[in-house]
Amino acid sequence: MIPLAPPDATMYWLSRRTRNDQFLLYCFAESAWENARLHEAVVGRCATIPELRVRLCPDPTGLSYPVWVPAEPEPAQFVTHRLDRPHWSGLLAVLGRLLGTGVDAARHPWRLHIFRGIRESPAPDPAVTVVVLQISHALVDGRGASRIARALFTDDPGTAATPGIRPLSRSRLTVRAGRAGLTLPLDITRTVRRGLAAGRARAELAELTAAGRVPQAAPGYPPGVLNVPSEVSGHVVGMLVCRTADFRMPGRSVTVVGLTAISFALQRYLRERGAQTAALGAQVPMAIPPRSGVRNNYRSLGVDLAIGEEDPVRRAAAIAANLAARRERAVHPLLGAQDAVTAALPPLLLRRDVRNYPIDSVPERITGHTVVSSVDRGPADLHFGAAPVRFTGGFPALGSVMRLTHGIHGMGDTVTLSLHADPAVVPDLDTYAEHLRTAMRDVSGAS
């Protein structure tokens, strides 16, 4: 029995209120294998990946955190889709609908979607097989999901398990509700003690910031036309598959180059819509060192997109400097004191906080106007049914604050820019995609 850490439990409880699954897309050349053989091979790979052999078991009393229990993959977790029109545009339409769904981690924490014989894709092949891994955010973060997919599509016998996570044994399952009730007073005492320590840490961090020894906190931004207080109306997606060479700028990372292109595309697109903005920012998830027992190890950074700088090279330099400052502050040890408070919260209190958090409203200041998630998924040595991988992509979830999100995912000599939008807020995603394509050319040419 492995209880969920508070950050992971938060992801699970949030999934009961909004869609926050991860969707990892892998495009392969069309396999010569029959569907039955493909299914058998995938099931065999799942048997070697501990994280694909569990499900979540909530505590009905609410006194304990949910736990992971053994569960073998079931046929319902493998879905082969048959499209009336097996073309790339049809695939994207179906994918948009899938992004509006969510897995129930208490039943199936993941699902594998398979699309065969897709024509007119960005790959050079006449037909491709596209595989989409849909996985609960409570189970893993972006790095963990990419690691699982790599184990699923490779012959490497190495495990994909997150450090500290091991296969489960049914003999280790126990009922903990009574024990949890007994420890509740101790949990509250521990929370109060750590809360006082967090207050002292905040005061010390403020002093270091005022002295210039720690970068300033991100200022935040007023919401824009991409941030509206209403329910998500639907999901549309787009993908730009680029060469890694297009992201080469001396001294700049793929993430910075991608952010620079997105900054120009957003600025031009919003201007075209008549939306004038003095500043634009992006919320960028950043991986942090693994914490014991925690599967979601990242912080969200508010990165300024430097739209006041018209030169692409200088804008990239400004974005890189701001990203570095945000990272420096995010990993400062004093920020860990707040994590310690959350780690000590009794489940009842944390679940109440998640249940009551106003996710359907937009605050006066936001971290960024869009999300940009960037993950390097490694070399292009993956296979599905002996067919080689061509590229990969991913689609960060939408919410009431973020109605346009971006994925930057590298594999081998390709980098894919994936777009995910609410059509009620971005009714012309193809137009925005063209702005992004042009911005990539501009940034690549300037470098």
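Coordinates for the structure precede this section.
Residues numbered from 1 in each chain as written. Predicted model: local features only at pLDDT ≥ 70, side-chain atom pairs only at ≥ 80, totals over all residues. Heavy atoms only, no water.

### Brief notes about helix α10 (residues 429–446)
Helix length check: α10 (18 residues) gives 25 Å between terminal C-alpha atoms against 26 Å at 1.5 Å per residue, within 8%. Of the residues making up α10, those classed as buried are L429, Y432, A433, H435, L436, A439, M440 and V443. With its buried residues spanning 155° around the axis, α10 presents them on a single face. Among the exposed residues of α10, those oriented more than 90 degrees off its buried face are D430, R441 and G445. Residues of α10 that are buried sit in contact with β8 (236–243), α6 (254–272), α7 (312–330), β14 (404–411) and β15 (414–421). (Helix = DSSP H or I, 4+ residues; strand = E, 2+ residues; numbered from the N terminus. Expected span 1.5 Å × (residues − 1). Buried < 20%, exposed > 50% of the residue type's maximum accessible area, 1.4 Å probe, protein only. Arc of directions from axis to C-beta. Contact = heavy atoms within 4.5 Å.)

### Things to note about the packing of α6 against α10
Running from N to C, α6 and α10 cross one another at 135°; their axes reach a closest spacing of 8 Å. By the angle between their directions, the pair α6 and α10 is classed as oblique. Between α6 and α10 lies a crossing of right-handed hand. Within the contact between the two elements, α6 uses V257, T260, A261, I262, F264, A265, L266, R268, Y269 and E272 and α10 uses T431, Y432, H435, L436, T438, A439, M440, D442 and V443. Looking at the contact of α6 with α10 residue by residue, the class counts come to 12 nonpolar, four polar and three charged. (Axes fitted to C-alpha atoms, helices over the stretch in contact; angles between N-to-C directions. Parallel < 35°, antiparallel > 145°, perpendicular 65-115°, else oblique. Left-handed = near helix turned anticlockwise from the far one by under 90°. Nonpolar A, V, L, I, M, F, W, Y, C, P; charged D, E, K, R; others polar.)

### Quick notes on the packing of aromatic side chains
Within the structure shown, the criterion is met by eight aromatic pairs. A centroid spacing of 5.6 Å and a plane angle of 35° characterise the contact between F28 and F384, whose relative ring orientation is tilted. Residue F28 is located in strand β2 (residues 22–29), and its partner F384 is located in strand β12 (residues 383–384); the two are separated by 356 residues in the primary sequence. Both residues of the pair, F28 and F384, belong to the buried class. Ring centres 5.9 Å apart and planes at 90° place the aromatic pair F153 and F384 in the edge-to-face group. Here F153, found in the loop between α4 (142–152) and α5 (177–210), pairs with F384, found in strand β12; they are 231 residues apart in sequence, far enough to count as distant. (Phe/Tyr/Trp six-rings, centres within 6.5 Å; stacked < 30°, edge-to-face > 60°.)

### A short note on unusual backbone geometry
One non-glycine residue with positive phi stands out, namely E120, at about 60°. If you trace the backbone, E120 turns up in the loop between β6 (110–118) and β7 (128–135).

### Thoughts on the side chain of T405
Among the secondary structure elements, T405 is positioned in strand β14. Within the structure, T405 has its side chain in polar contact with the backbone oxygen of P396 (distance 2.7 Å). (Polar contact = N/O pair within 3.5 Å; in protein donor to acceptor, adjacent residues only side chain to side chain.)

### A short note on the sheet that holds strand β9 (residues 281–287)
The strand order across the open sheet formed by six strands is β8-β15-β14-β11-β9-β10, and the pairing between neighbours is mixed. Strand pairing shows two members of the sheet lacking a second neighbour, β8 and β10 (298–304), which therefore form its edges. Neighbour to neighbour, the strand axes of the sheet diverge by 20° on average, direction disregarded. (Pairing = 2+ DSSP bridges.)

### Points about the pattern of salt bridges
Overall, the coordinates contain 11 salt bridges when judged by the stated rule. Close ionic contact of R243 with D246 constitutes a salt bridge, the shortest N to O distance being 2.7 Å. Of the charged contacts, one joins E309 and R314 as a salt bridge, the two residues approaching to 3.3 Å between their closest N and O atoms. Overall, E309 belongs to the partly exposed group, its relative accessible area being 24%. (Salt bridge = Lys/Arg side-chain N within 4 Å of Asp/Glu carboxyl O.)

### Examining the nonpolar core
In this structure, F247, L266, L305, L404, V426, Y432 and L436 are the most contacted members of the largest nonpolar core, which totals 47 residues. For this core, the secondary structure elements donating two or more residues are β8, α6, β9, β10, α7, β14, β15 and α10. The greatest single-element share of this core, amounting to 10 residues, is contributed by α6. Not counting chain neighbours up to four residues away, the residues in contact with F247 comprise C242, V254, V257, G258, I408, V415, L417 and M440. Grouped together as the second largest cluster of nonpolar side chains are 43 residues, M11, L38, A149 and L350 included. (Core = buried A, V, L, I, M, F, W, Y, C linked by side-chain atoms within 4.5 Å.)

### Some words on the environment of P223
Relative to the elements of secondary structure, P223 occurs in the loop between α5 and β8. When the C-alpha atoms of P223 and L280 are compared, they prove to be 9.6 Å apart, with 57 residues separating the residues in sequence. Beyond its immediate stretch of four places on either side in the chain, P223 contacts V362, P363, E364, I366 and H369.

### Here we look at empty space enclosed by the protein
With the rule as written, the count across this model stands at three cavities of 30 Å³ or more. When its volume is computed, the largest cavity comes out at roughly 50 Å³. Taken together, Y12, W13, P58, D59, G62, S64, P66, P347 and R351 make up the lining of the largest cavity. Elements with a minimum of two residues in the lining of the largest cavity: α1 (6–15) and α9 (347–356). Considered class by class, the residues forming the lining of the largest cavity number five nonpolar, two polar and two charged. (1 Å grid on protein atoms, 1.4 Å probe; cavity = no way out; pocket = protein on both sides within 12 Å on 5 of 7 lines; lining within 4 Å. Points joined across faces, edges and corners; volume = space filled by probe spheres on them.)

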